[in-house]
Amino acid sequence: MTKVILIDDEPLAREVIKAYLKYFDDIEVVQECGDGFEGVKAIQQHQPDLIFLDIQMPKINGFEMLELVDAKPSVIFITAYDSYAIKAFEANAVDYLLKPVSEQRFREAVLKWKSKVSPTAPQRMESVLNTMSATAAQQNRIVVKTGSKVKIIPVHDIQYIEADDDFVKIHTPEGAFLKNKTMNFYEQSLDPAQFVRVHRSYIIHINQITKIEPYQKETHLAILRDGTKIAVSKTGYVKLKTLLGI
Amino acid sequence: MAPADMDSRLSRRIKRASPIVGSVVIWGCFQTWLLNQWFGVELNLSAYDALISVNWIVLSCALLELIISRYTPKTSKYQFVFGLSLVVAWSCYWLSYQTLEILDKLNVDYTLFFQRSYPIRVGANFLIACGWSMTLLFRKQVKELEESASHQVATEALVKEAELQKLQLQLQPHFLFNSLNSINALILVQPSKAREMVQQLSDFLRATLRRADEQWITLAQEVTYLQLYLSIEKVRFGHRLEVRMNLDEQIQLWLIPPLLLQPLVENAIKFGLYGTTDKVVIDLQTQREGDSLSIEISNPFDEDMQPVEGSGFGLSGLRRRLYLLYSRNDLLTIRMEENKFIVRLTLPEKY
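Residues numbered from 1 in each chain as written. Chains lettered and ligands numbered in written order. Predicted model: local features only at pLDDT ≥ 70, side-chain atom pairs only at ≥ 80, totals over all residues. Heavy atoms only, no water.

Draft legend 1. Region of interest: the overall build of chain B. When you go through chain B residue by residue, the secondary structure sums to 10 helices and 7 strands. Counting only residues that meet the buried cut, chain B has 41% of its 351 residues in that class. Sequence-distant contacts, at least 24 apart, represent 72% of the contacts inside chain B between residues at least 6 apart. (Helix = DSSP H or I, 4+ residues; strand = E, 2+ residues; numbered from the N terminus. Buried < 20%, exposed > 50% of the residue type's maximum accessible area, 1.4 Å probe, protein only. Contact = heavy atoms within 4.5 Å.)

Draft legend 2. How the structure looks around the overall build of chain A. Across its full length, chain A carries 8 helices and 15 strands. Classification of the 246 residues of chain A by burial places 51% in the buried group. Of the roughly 11,600 Å² that chain A leaves accessible, carbon and sulfur atoms contribute 50%. (Areas by Shrake-Rupley, 256 points an atom, 1.4 Å probe, with all protein chains shown as cover.)

Draft legend 3. Here's a closer look at helix H10 (residues 316-326) of chain B. The complete set of buried residues in H10(B) reads B:Gly317, B:Leu318, B:Arg321, B:Leu322, B:Leu324 and B:Tyr326. B:Ser327 occupies a position one or two residues after H10(B) and carries a positive phi of about 55°.

Draft legend 4. Structural detail: the packing of helix H3 (residues 77-102) of chain B against helix H4 (residues 108-116) of chain B. All names here are of chain B. H4 packs onto H3 with a crossing angle of 175° between their chain directions and a minimal axis gap of 11 Å. Regarding the angle of H3 to H4, the classification is roughly antiparallel. Contacts between H3 and H4 involve Tyr 93, Ser 96, Tyr 97 and Leu 100 from the former and Tyr 110, Thr 111, Phe 114 and Gln 115 from the latter. Residue composition of the contact of H3 with H4, by class: 5 nonpolar, 3 polar and no charged. (Axes fitted to C-alpha atoms, helices over the stretch in contact; angles between N-to-C directions. Parallel < 35°, antiparallel > 145°, perpendicular 65-115°, else oblique. Nonpolar A, V, L, I, M, F, W, Y, C, P; charged D, E, K, R; others polar.)

Draft legend 5. Looking closely at the sheet that holds strand E13 (residues 209-214) of chain A. Residues and elements named next belong to chain A. Here 3 strands make up an open sheet; going across it, the order is E13-E14-E15 and the pairing antiparallel. In the strand order of this sheet, the two ends are held by E13 and strand E15 (229-232), each with one partner. For this sheet, the mean inter-axis angle between neighbouring strands, taken without regard to orientation, is 25°. In this sheet, strand E14 (residues 220-224) lies alongside E13 in antiparallel orientation, the contact comprising 5 bridges. Note that in E14 the partner of Pro 214 across the bridge is His 220. (Pairing = 2+ DSSP bridges.)

Draft legend 6. Quick look at the packing of aromatic side chains. All chains considered together, the criterion is met by 25 aromatic pairs over all chains. Ring plane angle 90° and centroid distance 5.6 Å describe the contact between B:Tyr71 and B:Phe80, whose orientation is recorded as edge-to-face. Residue classification places B:Tyr71 among the partly exposed positions, given a relative accessible area of 47%. Judged by centre distance (4.9 Å) and plane angle (65°), the ring pair of B:Phe271 and B:Phe341 falls under edge-to-face. Pair noted here: B:Phe271 is in helix H9 (residues 261-275) and B:Phe341 is in strand E7 (residues 340-348), with a separation of 70 residues, a long-range link. Pair check on accessibility: B:Phe271 and B:Phe341 agree, each one buried. The residue whose ring lies beneath A:Arg107 is A:Tyr23, and the NZ or CZ to ring-centre distance is 3.4 Å. Here A:Lys181 stacks its cationic end above the ring of A:Phe185, 4.8 Å away from the centre of that ring. (Phe/Tyr/Trp six-rings, centres within 6.5 Å; stacked < 30°, edge-to-face > 60°. Lys NZ or Arg CZ within 6 Å of the ring centre and 35° of its normal.)

Draft legend 7. Spotlight on the side chain of B:Gln31. Residue and element names in this part refer to chain B. Turning to its location among the elements, Gln 31 is positioned in helix H1 (residues 3-38). Taking relative accessible area as the criterion, Gln 31 reaches 11% and is therefore assigned buried. With near-sequence residues (within four places) excluded, Gln 31 lies in contact with Asp 49, Ala 50, Ser 53, Val 54 and Arg 121.

Draft legend 8. A look at the interface of chain B and chain A. The partner chain A presents 27 residues to the 30 residues of chain B that form the contact. Applying the counting criterion to the chain B and chain A interface returns 1 salt bridge. When the shortest N-O distance is used, the salt bridge between B:Arg236 and A:Glu10 registers 2.6 Å. Joining chain B to chain A, the criterion identifies 3 residue pairs in polar contact (both at pLDDT 80 or more). (Salt bridge = Lys/Arg side-chain N within 4 Å of Asp/Glu carboxyl O. Polar contact = N/O pair within 3.5 Å; in protein donor to acceptor, adjacent residues only side chain to side chain.)

Draft legend 9. Summary view of the sheet that holds strand E11 (residues 195-199) of chain A. Residues and elements named next belong to chain A. An order of E10-E9-E8-E12-E11 is seen for the 5 strands of this open sheet, with the pairing classed as antiparallel. This sheet does not close on itself; its edge strands, each paired only once, are strand E10 (175-179) and E11. Adjacent strand axes in the sheet meet at a mean angle of 25° when their direction is disregarded. Relative to strand E12 (residues 202-205), strand E8 (residues 160-164) is paired through 3 bridges, and the arrangement is antiparallel.

Draft legend 10. Just the pattern of salt bridges, in detail. Applying the stated rule across the entire model yields 30 salt bridges over all chains. Its salt-bridge partner being A:Glu64, residue A:Arg141 comes within 2.5 Å of it at the nearest N-O pair. In this pair, A:Arg141 sits in strand E6 (residues 141-146) while A:Glu64 sits in helix H3 (residues 62-67), placing the two residues 77 residues apart along the sequence. Considered together, A:Arg141 and A:Glu64 belong to a single accessibility category, that of buried residues. Between A:Lys211 and A:Glu213 there is a salt bridge, with its nearest N and O atoms 3.6 Å apart. Given the relative accessible area of 28%, A:Glu213 is considered partly exposed. Three or more residues are tied together by salt bridges with common partners; here these are B:Glu289, B:Glu296, B:Arg335, B:Glu337 and B:Arg344.

Draft legend 11. Structural context of the pairing of strand E6 (residues 332-337) of chain B. Residues and elements named next belong to chain B. Pairing analysis gives 6 bridges linking E6 to E7, with the strands arranged antiparallel. When the sheet's bridge partners are listed, Thr 333 is paired in E7 with Arg 344. From the end of E6 to the start of E7, which pair antiparallel, there are 2 residues, and Glu 338 there has a positive phi angle of about 45°.

Draft legend 12. How the structure looks around the pairing of E12(A). Residues and elements named next belong to chain A. Side chains of E12 alternate between two faces, with Tyr 202 and Ile 204 and Ile 203 and His 205 buried alike. As paired elements, E11 and E12 share 4 bridges and run antiparallel to each other. Across the sheet, Phe 195 pairs through a bridge with His 205, a residue of E12.

Draft legend 13. Spotlight on the nonpolar core. Counting residues in each nonpolar core, the largest one holds 71 residues, and the members touching the most others are A:Leu21, A:Phe52 and A:Phe106. Examining the composition of this core, we find that 10 residues originate from one element, helix H8 (residues 219-237) of chain B, more than from any other. Once residues lying within four places of it in the same chain are set aside, the contact partners of A:Phe52 are A:Val4, A:Ile5, A:Leu6, A:Ile7, A:Ile17, A:Leu21, A:Ile76, A:Ile78, A:Phe106 and A:Val110. Ranked by size, the runner-up nonpolar core spans 21 residues in total, among them A:Ala42, A:Leu68, A:Val69 and A:Val75. (Core = buried A, V, L, I, M, F, W, Y, C linked by side-chain atoms within 4.5 Å.)

Draft legend 14. Quick peek at the environment of B:Arg121. Residues and elements named next belong to chain B. Mapped onto the fold, Arg 121 is located in helix H5 (residues 118-168). If near-sequence neighbours (up to four positions away) are discounted, Arg 121 is found in contact with Gln 31, Leu 35, Asp 49, Ser 53, Tyr 93, Tyr 110, Phe 113 and Phe 114. In terms of polar contacts, Arg 121 uses its side chain to reach the side chain of Asp 49, at 2.5 Å.

Draft legend 15. How the structure looks around the confidence of the model for chain B. Residues and elements named next belong to chain B. Taken residue by residue, chain B gives an average pLDDT of 84. The fraction at 70 or more is 93%. Throughout residues 308-313 the model reports pLDDT below 50, and contacts reaching past four residues in sequence, or to other chains, amount to 16 contacts. Interface scoring of the predicted complex returns ipTM 0.70; its pTM is 0.63. (pLDDT = per-residue confidence, 0-100.)

Written as structure tokens, this is what we have:
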């Protein structure tokens, strides 16, 4: 039996999917969720094979929700959005359906998924998510998970980002949060007028800097408002100088 | 045409022509006097000479007006006018001579005198022709300037109107597609409700299209339209959405620009519904405040939330519309208090 979760904030939209799924005997809807938080919990609890996901939902959107899920199931997006996002899907061959969805189109999507459940799928998903959440970060927030809670960090609250093995640590006045992303990702997606990669392991928010001191040889130290000292490499110092106009 | 109108047109023409006729008469008399008193030509002949010269210069000036009104070159128009005046000056001299000869007024003495006064005659003719052409040219340029100015005003008005129309008709496509999706679902689970919603959606769309052509509608009409919209949103989010209206009965007939309230409420709903997972209460309040109408719309707001820009608060279009309609930037204000996001619209009175 294939386990499926529906995540959409409109009950009627879930109603359609449920009705369409009756056609498939081997698919079972294990849970319906009205927002992304419920979605994250339900996915962790049930480990579904496939989820149907809306994009615009309360609090966190569909993309942000997926970022918070560690073991990502296959996803079929169902959305009324017909914007640039859709192009990203097409390029990455992940299926998506536009509301209102016809039953035939819906069946095609499910059958396509069934025939294509292959090891390459999650990677593709990852690249879609990178494209999509890059734009989300360019917007103005980052969604992280702390224990079972979800935290939304406004970009302007970020003090600095630190490399931490395969993760990055996002430092804010409320503490540090781990996120399963790369330094390169944030270097590219954050506003370059506000965030500088000063070192292989550090990206800092420039309005946090109070002082820059020379350190060893050609390196420097940036002192942040809360007293944290951050290493600045030679190239990082050059970038910082041009940005601050000194 | 009414006789009075004709009279006024005639009097206007007389008024405009009189200085010209006056100058012509004075010039004729002056030439007669000059020839008679200065050069000792007999009065009769002086008058003939003056009459003929003036006659040709007046005709030439009329010709000049004809030419200049039809055609002036884009570049070097002064050279053009200058050359034209030279030609005219010489032609007038030659024509006057020929005319006098044909009329048999030229004796040997006078022929000689006429020919010897050649530079003065041509010079005077040239000055008159040149002055006249310059006046015409100047008038033409002033007229063109006025025309282009009024053309610009008309163009600006058109652009403004087009922009207003565009801003008004910013119907949210997501709303439409999501509603169709809900109808799709209702057909499966509650067919009668689906029919009802099709009706509501049609009414709403029809009203939207109709509104787009109207400049002003009453507040009551806008509220009715708003209720149509809300009835659809209730089907989609019924379990989470509550809208409370507190309307001032006194001002129901005040005129406001159409499609102003609905986008505001739509924003509040979107912002409210996507900003929190709880139940959402939207408050709408209309009130008279002195000479103006105030509308306040509030939605719950979670301070921890950082709204995603773009999908967030698209009030800029509305601001622009208000500016185009009222030439004011202070009619829309936003404030946050006690977990509420409040948009306040103040519209000057208009009946």
